[in-house]
Each structure stands twice: as C-alpha cells, then as structure tokens.
Amino acid sequence: MNAPVTRRNAVLGIAVAATTLAAPSILRAQSAGRVVVVGGGFGGAACARALKRADTRLQVTLIEPNKSYISCPFSNEVIAGLREIEAQQFDYDRLAATGITVVAQAATTIDAQKRRVTTGDGTAVGYDRLVLSPGIDFHLEALPGYDEAASETMPHAWKAGAQTLLLRRQLEAMPDSGTVAIAIPANPSRCPPAPYERAGLIAHYLKTKKPRSKVLILDAKDTFSQQRLFEKAWKELYGDMIERIALSQGGRVTSVDHATRTIVTEFGNYTPDVANVIPPQRAGRIAGIAGAADATGWCPIDPVTFESKLVKNIHVIGDACLGGGIPKSAAAASAQGKACAGAIVNLLAGRAPETPRLTGVCYNIVAPGYGFSLAANYQPRGDIFAEVEGGATSPVDAPPELRAREAAEAQRWFETITADTFG
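Residues numbered from 1 in each chain as written. Predicted model: local features only at pLDDT ≥ 70, side-chain atom pairs only at ≥ 80, totals over all residues. Heavy atoms only, no water.

Caption draft 1: Local environment of unusual backbone geometry. The linkage connecting Asn187 with the following residue, Pro188, adopts the cis geometry, with an omega of 5 degrees. Position of Pro188 among the secondary structure elements: in the loop between strand E11 (179–184) and helix H7 (194–209). In the Ramachandran plot, Cys191 falls in the positive-phi region, its phi being about 45 degrees despite a non-glycine side chain. Looking at the secondary structure, you find Cys191 in the loop between E11 and H7. According to the relative accessible area criterion, Cys191 is partly exposed, its value standing at 22%. One non-glycine residue with positive phi stands out, namely Arg261, at about 55 degrees. The class for Arg261 is partly exposed, based on a relative accessible area of 29%. (Helix = DSSP H or I, 4+ residues; strand = E, 2+ residues; numbered from the N terminus. Buried < 20%, exposed > 50% of the residue type's maximum accessible area, 1.4 Å probe, protein only.)

Caption draft 2: Representation of the pattern of salt bridges in the model. What the rule picks out here adds up to 18 salt bridges. The salt bridge partner of Arg34 is Asp128, with a shortest N-O separation of 3.5 Å. Pair noted here: Arg34 is in strand E1 (residues 34–38) and Asp128 is in the loop between strand E8 (124–126) and strand E9 (129–132), with a separation of 94 residues, a long-range link. The structure contains a network of salt bridges with shared partners spanning Arg53, Lys338 and Asp420. (Salt bridge = Lys/Arg side-chain N within 4 Å of Asp/Glu carboxyl O.)

Caption draft 3: Structural detail: the side chain of Ser255. Examined against the element boundaries, Ser255 turns out to sit in strand E14 (residues 253–257). Non-local contacts of Ser255, meaning those with residues more than four positions away in its chain, are made with Leu143, Pro144, Thr262, Ile263 and Val264. (Contact = heavy atoms within 4.5 Å.)

Caption draft 4: A look at the packing of helix H10 (residues 330–348) against helix H11 (residues 400–422). Running from N to C, H10 and H11 point in directions that differ by 35 degrees, and their axes come no closer than 11 Å. Crossing hand, H10 versus H11: left-handed. Note on element contacts: H11 touches H10 through Trp413, Ile417, Asp420 and Thr421, opposite Ala330, Ala331, Ser334 and Lys338. (Axes fitted to C-alpha atoms, helices over the stretch in contact; angles between N-to-C directions. Left-handed = near helix turned anticlockwise from the far one by under 90°.)

Caption draft 5: The arrangement of the sheet that holds strand E12 (residues 214–219) in detail. Strand order in this open sheet of four strands is E13-E12-E11-E17, and the pairing throughout is parallel. The open sheet is flanked by strand E13 (242–245) and strand E17 (274–277), the only strands paired with a single partner. When the angles between neighbouring strand axes are averaged without regard to direction, this sheet yields 15 degrees. As paired strands, E11 and E12 are joined by six bridges and run parallel to one another. Bridge pairing in E12 places Thr179 opposite Lys214. Along the sheet face, H7 touches E11, E12, E13 and E17 and points at about 175 degrees away from the line of E11. (Pairing = 2+ DSSP bridges.)

Caption draft 6: Inspection of the state of the cysteines at higher detail. What the rule picks out here adds up to zero disulfides. Cysteine Cys191 remains unbridged, with the sulfur of Cys362 as its closest cysteine sulfur at 5.1 Å. Unpaired in terms of disulfides, Cys299 finds its nearest cysteine sulfur in Cys321, a separation of 7.6 Å. On the accessibility criterion, Cys299 (0% relative accessible area) is buried. (Disulfide = S-S within 2.5 Å.)

Note that every value here comes from positions in space, so none of it alone points to a role or purpose.
Now the structure itself:
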C-alpha cells in the first residue's frame, strides 16, 4: 500500500518519488545505446541525468541552445522584487561532468526514419531513442494582435529571463494609483496556478511600494486550482486590491492592441498601466517538426513509456505532452523525465517497462512567509495520467504558523529539485 502524500514527506516533491520509481529499472540496466534528449529544462535535464546514472555506457546527448537554464519556478518572486534573476540560473557543467554530451545548439530538424537530429550548425546526431522536452511555445494565432513586438509592450513573462525583468521594470515605473492587468488563458497551459500566485506577489509589491494601485485579473476560466486558498489569501492580505473577472463575467481576452496597450475582452476593453498578457500555449516548436504534436498542439503519449503515439522511438515529457490530470509543472516534468529514463533503459534491454506512479507537490507563495501547497499522486489510466487517492492539500483555515512553514518548505523544495536536476 502506498503511503499518503503529506506536506512533510512531499517537500522533495515529485523528484524523490520518481527516483524511487525508476530505481529497479536502473539497477538492472545491462545494455548500452544512444539516447538524445532535446531540451534542457527540468524534464530534459532530469531525464539525461537519470539515463547516465542508469548505465554509464549509454551515450547520452543533451541538445539545448542556451548555455544556462532560467527557472520559471520562483520567477514570480523576481517580478515582485523579492529575488534576483541570478538565483534562477543554472548551467549544464555538472551534467557534462557526468559524461553527458551537452550540445549548445538548437535542434532544427528530426528525421524519425533515419533516427537523426540535426542542429542549427548542421551537425547530425543519431539516436536509438529520442526524448523531446521542448516546453511550450505560444499559440499566437489564438490571440489576435499578440506577437513578439506586442510582448515588448505587454510582456508575458511566461518564459523566464528577459521578459521576467521587463515586467519587473514596468511595475517599478508605473505610477501609484495605477492598474496592473493579468490576462490568463484557458487550460491547458504551463503551471495553471502560477498566474494567481503572480497576482498575489504583484499585489504585495504594490501594497508596499504603490498602495493606491490595484491588480485586475482577466480570466478565460471560471474556476482554477486551489481557488479557495488563493481568494482567502488575497482578501486577508490585500483587501480589495485584487479584482478577478472570470470567464462567465466576460473576462476572456479576445485580442490586444499593443500600440495603445488595450486589452479587448468579450464584454469590454481595458487599458491598464501594466499589461501582463499570457497567451494561449502549445507544445514547443520542435515537437511539431518531429510530427509528435496532434491537432490540439500538444503531444499524445503512452503514459507508461512516454513514447509518442504518433512517431515511433520518440518520447515526449514535460509541458509538451498531453498528460491528462497531471499538471504542466517543473515537478511533473522532473518526475516524467526520470520515469521516462527508466522506461527507455528497459526498452533498450528488451524488457517490459514498469508502470509509473508519479507523486509530487505544487507550492504557491502569495506573500513573504505565506505559502500553501497541493500534493497528489498520478498513475496511467488508459491513454493519460489520472489522479489517484493519497493526495493532500493545505487547509483553507490554516494558522499563520502553517502558512510560514509551507513558504519555507517551498524554498527547500526548489533547492532540492534544482540540485537534483542540474547538480
């Protein structure tokens, strides 16, 4: 019988559970092969590391154009001026030191028949198994008026880095008594609770620096994960500073005009001082190039092996895959990367893959010293992952001591998962 998830045993998050899951396959690894991983985020880096740990004879190549990874988890604290961007940056030196070949190029084409990836400099890399962990790209056609130029005026800050700092500078420059609008897309999207965490942390910044200002949430959803916890925290900490307009109230954004910083919804237009527009999303571009994305823009997989249902010998993990009930999050990507590594080791050795059970926790911080969490277990059910019993969520009426403890646990979780992933 599996022990229930609690906030205490879930501090290490999905990473620990997936490591335990993959261990039997790893210990039995007998054969070598060539595995290429495209994408060096939490999923891809965790997968590459787990593969090399499984069998040092494996030729593991990680293809990632950026010299360092900038973490989205905790980037909302950078926006709110509570953390510096340098604390979000992780390089690949320790991965390379384990024997993983790190190629600092973008993957541009994939020949699934010849099992070959070509990079931007023309290098061709062969594989026996390919893992795609490309994260998200934006589905710009679904939001008229929003493009790269618009993102310089109405930043999304949904890929951490320059956009994170741009949104922070805009907050710093806006006048007191101004309005910050956050446009939230419908699901599926990366880390569904994160926009609401962002609303809380921006409200914290405004309360301390520009107390006559407000946060306006324009939402393409009526309900969202941990809604009661967020709404109680907002009211308790910020009073009426945060206003949310839900889908049924006309909150869905239908277009934007970045020249006038106008956000158009079904029932009205808004021209805030700062417009944080998060566009609809789909799997990273290389997934489409590989033929692994379907008409939804996401990648259907076999949840036992993470192998694409559309292209043989290609596995998809992290935000890009259609995972069913499991969220698109760093913790989920890390767990999937490790479980996928275990499946690949078994497949290369001619053994049947084991059925994964992924366990993890999602933390949200809405003010310094105020956090809450949701922990859950997931297993394959049909073609997707489904949530199974044994999860836990923070109580709505928790005392301040628990909120502070969970905020501290969130920091420990981040330190653990980044060390486990990047070394």
